Amino acid sequence: YYLFHQSVESFVRSSSSMDIGYMAEVGDLVEKKSKDRLLWFSVEDGQVVFEGDTLRSSKEGYASIFIDKASLRVDLEPDSLLQLNLDPEKLDLELLSGGLSFDSAFVSSSASAVRSNIKIGDELVDVTKTQSQGFVAKKGSSAVVSLRSGLVETNSGLSISAGEGIRISGGRASRLTNLLK
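Residues numbered from 1 in each chain as written. Predicted model: local features only at pLDDT ≥ 70, side-chain atom pairs only at ≥ 80, totals over all residues. Heavy atoms only, no water.

**Considerations on the environment of serine 57**
Here is step 1 of the chain: Mapped onto the fold, serine 57 is located in strand S5 (residues 54–57).
Here is step 2 of the chain: Take serine 57: its relative accessible area is 7%, and that puts it in the buried class.
Here is step 3 of the chain: Distance from serine 57 to serine 42, taken between C-alpha atoms, is 9.7 Å for residues 15 residues apart in sequence.
Here is step 4 of the chain: Aside from chain neighbours lying at most four places away, what touches serine 57 is Leu29, Val30, Tyr62, Leu76, Glu77, Pro78, Asp79 and Ser80.
Here is step 5 of the chain: For serine 57, the side chain forms a polar contact with the main-chain nitrogen of aspartate 79, separated by 3.1 Å. (Helix = DSSP H or I, 4+ residues; strand = E, 2+ residues; numbered from the N terminus. Buried < 20%, exposed > 50% of the residue type's maximum accessible area, 1.4 Å probe, protein only. Contact = heavy atoms within 4.5 Å. Polar contact = N/O pair within 3.5 Å; in protein donor to acceptor, adjacent residues only side chain to side chain.)

Okay, here's the thing in structure tokens:
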């Protein structure tokens, strides 16, 4: 089994991809595809995720992903599609559809951690500027980011704190307030 699993893993991942974290918990069906591959493969607890991977969950599927490079935990919601893009300075989590929650407060901040953004269209939401927890939901070209704790900022200069949110629609970000009340 071990040799077969290692052979499949080397076939599944891109030869130029760097590992960035692992699947901490997987429920029902969650699949991943490497950036230069066409096939989707089921993932399981403990499996490594690589730069450029795309993850998708079934209608009942979910996954917790620990991203070591960014000291970040991401929980992928059912019926979601997420792409992981890393360059030397930052990690972009591009939510293509569905939802995710993020937690940069689950570990102490690390000086070596890269900055992490959740990318929604052209808007980037920096979730690791401070320790923060929140949720993102995307349907079509619209998305909502709500924050439970901490502070996040967008590349367009909008910042929100706990209890607030951002609606992104038509390439524009606007503030939502009093979400937790």
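Let us keep going from here.
**Concerning the side chain of threonine 54**
Here is step 1 of the chain: As for its position among the elements, threonine 54 is in strand S5.
Here is step 2 of the chain: According to the relative accessible area criterion, threonine 54 is buried, its value standing at 10%.
Here is step 3 of the chain: Apart from residues no more than four positions distant in its own chain, threonine 54 is found in contact with Glu31, Lys32, Lys33, Trp40, Leu81, Leu82 and Gln83.

**Description of the side chain of glutamate 51**
Here is step 1 of the chain: Inspection of the secondary structure puts glutamate 51 in the loop between strand S4 (48–50) and S5.
Here is step 2 of the chain: A polar contact is formed between the side chain of glutamate 51 and the side chain of lysine 35, at a distance of 2.8 Å.
Here is step 3 of the chain: Excluding residues that lie within four positions of it along the chain, glutamate 51 makes contacts with Ser17, Met18, Ile20, Lys35, Leu84, Asn85 and Leu86.

**Quick look at the environment of leucine 95**
Here is step 1 of the chain: Here leucine 95 is to be found in strand S9 (residues 90–103).
Here is step 2 of the chain: Expressed as a C-alpha distance, the spacing of leucine 95 and leucine 84, which sit 11 residues apart in the sequence, is 9.0 Å.
Here is step 3 of the chain: Not counting the four nearest positions on each side in its chain, leucine 95 is found in contact with Leu81, Leu82, Leu100, Lys119, Val136 and Lys138.

**Describing the packing of aromatic side chains**
Both the distance between ring centres and the angle between the ring planes are used here to describe each pair of aromatic rings.
Here is step 1 of the chain: Applying the stated criterion across every chain, the model contains one aromatic pair.
Here is step 2 of the chain: Ring geometry for tyrosine 22 against phenylalanine 66: centres 5.4 Å apart, planes inclined by 70 degrees, an arrangement best described as edge-to-face. You can see tyrosine 22 sitting in strand S1 (residues 19–27) and its partner phenylalanine 66 sitting in strand S6 (residues 62–67), a full 44 residues away along the chain.
Here is step 3 of the chain: Overall, the relative accessible area of 31% leaves tyrosine 22 in the partly exposed class.
Here is step 4 of the chain: Looking at lysine 33, its charged tip hangs above the ring of tryptophan 40, at a distance of 5.9 Å from the centre.
Here is step 5 of the chain: Sitting over the ring of tryptophan 40, arginine 56 keeps its end group 3.9 Å from the ring centre. (Phe/Tyr/Trp six-rings, centres within 6.5 Å; stacked < 30°, edge-to-face > 60°. Lys NZ or Arg CZ within 6 Å of the ring centre and 35° of its normal.)

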